[in-house]
Amino acid sequence: MSLHDDAVAVLKGHDTGGDAQQEELRLRYLDHLAARPDGMWKACGEGHLTASALIVDPGRERVLLTLHRKLGMWLQMGGHCEPGDPTLAAAALREATEESGIPGLTLVAARDGVPGPVRLDRHPIPAPCHWHLDVQYAALAPAGATARISDESLDVRWFGYAEVAEVADDSVVRLLERARAAL
């Protein structure tokens, strides 16, 4: 199965929990992939799917965010899919591991014990591409996890659940809400 096929399967099976905006995004993502065989890749000028993961330490009620080097914003870990990624979940886990430096992350199971997205987020990006169609997961940090700053970050830092709204934008706050609900 190709990464494109996996993305279609994941999105077809994604439960939006009755959220009309999330359902609209799910259908928009599926339309995008149906119209664009290259819709997984950065080279797709109309936009492309990305995979991200919010790293959660539920025992200490905190999340790990990265201060994105290019955007100067506190965000979850994530980014572009790569040809070697077998699945969207694998892409999200790879990105989270690379950007956090934390080995042993595990994705939260969305249903039937299978890791799945907790949220979708579509946001504009600078040209030449126009949109990131982000498929967002939640990842559990192992006990005693220590993060490190990657080349893509200015900083990484743990924030208590209540602190996230003070440092991050609404999309990260909504992702935290959905991640906590999935836990």
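Provided above is the structure to which this section pertains.
Below, the structure is looked at part by part.

## Section: the overall build of the protein
Secondary structure assignment for the protein yields 5 helices and 10 strands. Taking 183 residues into account, the globule formula puts the C-alpha radius of gyration at 16 Å, and the protein, at 15 Å, falls close to it. Each principal axis of the C-alpha atoms in the protein carries an extent, and together these give about 45 × 35 × 30 Å. Among the 183 residues that make up the protein, the fraction classed as buried is 48%.

## Here we look at the pattern of salt bridges
If you walk through the whole model with that rule in mind, you get 10 salt bridges. Across the pair Arg28 and Glu24 runs a salt bridge whose closest N-O atoms are separated by 3.7 Å. Of this pair, Arg28 and Glu24 both sit in helix H2 (residues 20–35), 4 residues apart, roughly one helical turn. Residue classification places Arg28 among the partly exposed positions, given a relative accessible area of 36%. Under the relative-accessibility criterion, Glu24 is labelled partly exposed at 47%. Of the charged contacts in the structure, one is a salt bridge between Asp57 and Arg62, with a shortest N-O distance of 3.0 Å. In this pair, the class of Asp57 matches that of Arg62, namely buried.

## Some words on the environment of Ala110
One can find Ala110 in strand S6 (residues 109–111). With 37 residues separating them along the chain, Ala110 and Ala147 place their C-alpha atoms 25 Å apart. Other than its neighbours up to four places away in sequence, Ala110 contacts Pro115, Gly116 and Pro117.

## Re the side chain of Gln136
Residue position: Gln136 is located in strand S9 (residues 131–140). The contacts of Gln136, once residues within four sequence positions are left out, are Ser52, Gln76, Pro117, Val118, Arg119, Leu120, Asp121 and Leu175.

## Things to note about the pairing of strand S10 (residues 153–160)
Each regular strand displays side chains that alternate between the two surfaces of the sheet. Counting buried positions over the 8 residues of S10 gives 6, a clear majority of the element. For strand S2 (residues 62–68) and S10, the ladder comprises 7 bridges, and the chain directions are antiparallel. In the sheet register, Leu64 faces S10, and the bridge partner there is Trp158.

## Topic: helix H3 (residues 88–100)
Taking 1.5 Å of rise per residue, 13 residues should cover 18 Å, and H3 covers 18 Å from first to last C-alpha, within 8% of that figure. Taken residue by residue, H3 has Leu88, Ala89, Ala91, Ala92, Arg94, Glu95, Ala96, Glu99 and Ser100 as its buried positions. One or two residues past the end of H3 sits Gly101, with phi positive at roughly 75°.

Criteria and cut-off values
Residues numbered from 1 in each chain as written. Predicted model: local features only at pLDDT ≥ 70, side-chain atom pairs only at ≥ 80, totals over all residues. Heavy atoms only, no water. Helix = DSSP H or I, 4+ residues; strand = E, 2+ residues; numbered from the N terminus. Rg over C-alpha atoms; globule rule 2.2 N^0.38 Å. Buried < 20%, exposed > 50% of the residue type's maximum accessible area, 1.4 Å probe, protein only. Salt bridge = Lys/Arg side-chain N within 4 Å of Asp/Glu carboxyl O. Contact = heavy atoms within 4.5 Å. Pairing = 2+ DSSP bridges. Expected span 1.5 Å × (residues − 1).

It is worth stressing that arrangement in space is one thing and function is another; only the former is reported here.
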